[in-house]
Number of protein chains: 2
Amino acid sequence: MTHRLPSYEGVLDAARQIEGVAVRTPLIESPALNARLGGRVLMKAETLQRAGAFKFRGAYNRISRLDEDERRRGVVAFSSGNHAQGVAAAARLVGTPAIIVMPADSPAVKVEGVRSFGGEVRFYDRWSESREAIGAAIAEERGSVLVPPFDDPFVIEGQGTTALELLEQTPLLGGGAIDQLLCGASGGGLIAGINLVMAERSSETRVTVVEPEAFDDTARSLAAGARVGHPQGAPSICDALMAPTPGELTFPINRRCAGALTVSDAEVAEAVAFAFRQLKLVVEPGGAVGLAALLSGKAEAKDRTTVVVLSGGNVDPSLFAAIIEGRFGG
Amino acid sequence: MTHRLPSYEGVLDAARQIEGVAVRTPLIESPALNARLGGRVLMKAETLQRAGAFKFRGAYNRISRLDEDERRRGVVAFSSGNHAQGVAAAARLVGTPAIIVMPADSPAVKVEGVRSFGGEVRFYDRWSESREAIGAAIAEERGSVLVPPFDDPFVIEGQGTTALELLEQTPLLGGGAIDQLLCGASGGGLIAGINLVMAERSSETRVTVVEPEAFDDTARSLAAGARVGHPQGAPSICDALMAPTPGELTFPINRRCAGALTVSDAEVAEAVAFAFRQLKLVVEPGGAVGLAALLSGKAEAKDRTTVVVLSGGNVDPSLFAAIIEGRFGG
């Protein structure tokens with residue numbers, strides 16, 4: 001465990017570390033979406049990243065730095081699914097074994113994804129067990145290195161490379177200043193990495209966090225000025241965004257967010273269906289919260305340039321089918 | 001109707017004509033696909049084009065050149081659906097009315113697409129009526145300009161801009177020579193435009209046409225050395241690729257193809273499902289024939305660089321749901 005704080009310089013270093021290994025995902029503009037919203041929207045398609053989500057960036061930035069002895073002992077991670085797959089994919093590339101602690105109710109597609117990258121899966125109960133404790137126990141028992149889903153400087157800095165790329169890509173699309181950036185948050189690692197970059201390079205951009213209604217811990221924490229949780233027990237189709245509280249390392253960075261929004265499951269399902277129909281992109285519910293905020297009108301897009309991160313595309317076929325056929329009762 | 005032949009110079013002119021209006025679609029590389037095939041595959045995602053298919057390029061290149069008088073009278077087009085939407089979208093941008101003659105069994109999503117762009121739809125029976133005759137009659141009656149789906153120099157040259165873009169994008173991905181390029185064909189407008197460009201700029205690339213088994217008229221014509229049709233009556237899920245014979249203008253150009261392949265409905269369905277699961281892209285059956293040729297092993301991808309055009313993404317939700325859930329009985 002490193003005890004330094006994540007930094008913008010660390011993101012620059014992460015970009016060098018993942019170059020040629022992570023996918024430089026496209027920044028996509030849709031005339032149909034622009035016309036509907038009356039503004040300009042640029043979508044960073046992390047759905048096209050290795051293992052189908054931004055998580056590979058942070059995982060590879062951490063795991064590729066293991067020394068030889070650590071590589072022999074392997075890594076352990078706890079995750080709702082996308083970090084799980086990112087860690088398994090990075091571990092395979094680095095040549096180190098990975099054990100992944102996943103909620104028993106993880107989408108099958110994510111469990112299969114971990115196994116397809118050679119990762120070993122250990123299930124736990126999301127509501128009664130502590131994944132942190134289970135992960136720590138395995139790490140101690142095997143001497144493996146724990147790769148946290150967000151509270152780690154290398155992980156946060158790896159995720160921040162998403163923002164470096166989009167700042168390089170915006171001018172290629174003829175774009176000027178980015179007025180706002182919408183990004184989902186669970187533990188807040190991605191948006192923290194993004195905030196590190198935007199503070200340095202595009203401080204005029206309003207970075208807004210978007211969460212599922214039942215998992216609005218970042219919004220509550222921003223309002224309270226301190227890390228607090230959300231009332232537990234309500235479900236969400238956004239399986240990727242169900243962390244109970246913001247991270248210790250991520251929250252101090254994310255306090256610079258200009259705003260916080262929440263979206264309902266029905267709004268998220270509508271965004272997933274819109275992405276299928278109009279954008280021809282497969283976006284998972286948790287990856288579509290920013291788009292949902294735009295389509296629902298909760299985030300204003302008119303007469304401005306908005307960047308929205310489509311953070312992942314790992315969705316079970318049965319749920320996706322129900323959503324695009326209008327059979328989802330969210 | 002223009003009587004000149006399509007040319008490489010015409011493609012360069014088309015690129016200037018559509019610049020800033022058509023989407024410069026990304027060239028996408030998937031480490032998962034590369035690993036599976038043991039080679040390098042670059043996918044030109046025309047699924048992300050305006051109106052969800054490459055067809056907008058040719059339609060806009062033709063319609064934006066109408067004079068004032070022609071714009072008042074409007075355009076007419078016959079199409080299985082993607083050209084229909086491309087013409088309707090281009091006509092709206094240019095400010096001219098569009099009547100589209102479509103098969104009565106067109107996917108609902110394509111009919112809705114045409115209407116959403118303000119196009120007027122006239123249905124015909126695919127097996128008993130001639131769409132060419134109906135289109136010509138409307139053109140005569142209203143004085144509208146007919147925008148053919150493929151047999152028009154401006155249309156072919158517009159489609160060819162796809163190849164200009166991918167040649168500019170390949171070096172950005174660190175790529176060297178393109179060993180082969182796989183592209184579907186119905187009337188052959190897209191692959192003809194591509195052939196014009198590759199002959200001039202990348203003559204070492206083997207351009208291979210891919211067709212549905214039951215609509216292999218280009219393969220038969222290449223073998224016969226003359227335009228011939230296919231036995232009629234068999235169905236295909238590739239609604240976009242059901243032209244009866246190669247075009248008069250396209251076939252002479254497409255004779256330079258290095259090869260021809262056919263794929264079954266089951267192979268196409270597997271490619272659509274793979275694109276959903278692994279690539280996170282929505283590809284319609286007719287847009288996935290090149291990918292199907294790769295995944296089925298009919299086109300060899302090992303130890304070489306292949307470009308495959310994902311030509312469209314307009315698929316009805318019910319068919320897409322059946323395919324991704326494994327309920328398609330193709």
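Residues numbered from 1 in each chain as written. Chains lettered and ligands numbered in written order. Predicted model: local features only at pLDDT ≥ 70, side-chain atom pairs only at ≥ 80, totals over all residues. Heavy atoms only, no water.

Caption draft 1: Main features of the sheet that holds strand β6 (residues 145-146) of chain A. Residues and elements named next belong to chain A. With parallel pairing, four strands are arranged side by side in an open sheet as β5-β4-β3-β6. Edge positions in the sheet fall to β5 (120-124) and β6, since each has one partner strand and no second. Strand direction decides the pairing type here: strand β4 (residues 98-103) and β5, joined by five bridges, are parallel. When the sheet's bridge partners are listed, Ile-99 is paired in β5 with Glu-120. Sitting on the sheet, helix α5 (residues 82-94) touches β3 (75-78) and β4, and the angle it makes with β4 is about 170 degrees. Those strands touched by helix α7 (residues 131-142) are β3, β4, β5 and β6, and its axis lies near 175 degrees from that of β3. (Pairing = 2+ DSSP bridges. Helix = DSSP H or I, 4+ residues; strand = E, 2+ residues; numbered from the N terminus. Contact = heavy atoms within 4.5 Å. Axes fitted to C-alpha atoms, helices over the stretch in contact; angles between N-to-C directions.)

Caption draft 2: Expanded view of the packing of aromatic side chains. Throughout the structure, instances matching the rule amount to seven aromatic pairs over all chains. When the centroid spacing of 5.1 Å and the interplanar angle of 50 degrees are considered together, the rings of Phe-320 of chain A and Phe-276 of chain B count as tilted. Within this pair, whereas Phe-320 of chain A is found in helix α14 (residues 317-324), its partner Phe-276 of chain B is found in helix α12 (residues 265-279), the two belonging to separate chains. By relative accessible area, which is 2% here, Phe-276 of chain B ends up buried. With 6.1 Å between their ring centres and 85 degrees between their planes, Phe-276 of chain B and Phe-320 of chain B make a pair best called edge-to-face. Taken together, the positions of Phe-276 of chain B in helix α12 and Phe-320 of chain B in helix α14 (residues 317-324) put the pair 44 residues apart, joining distant regions of the chain. Each member of the pair, Phe-276 of chain B as well as Phe-320 of chain B, carries the same accessibility label: buried. (Phe/Tyr/Trp six-rings, centres within 6.5 Å; stacked < 30°, edge-to-face > 60°. Buried < 20%, exposed > 50% of the residue type's maximum accessible area, 1.4 Å probe, protein only.)

Caption draft 3: Geometry of the relation of the copies chain A and chain B. The transformation that overlays chain A on chain B combines an axial shift of 0.0 Å with a rotation of 180 degrees, and the residual RMSD is 0.0 Å. One copy is carried onto the other by what is essentially a two-fold rotation axis. Most of the interface of chain A is mirrored in chain B, where 100% of its interface residues are also at the interface. (Least-squares fit on C-alpha atoms with pLDDT ≥ 70 in both.)

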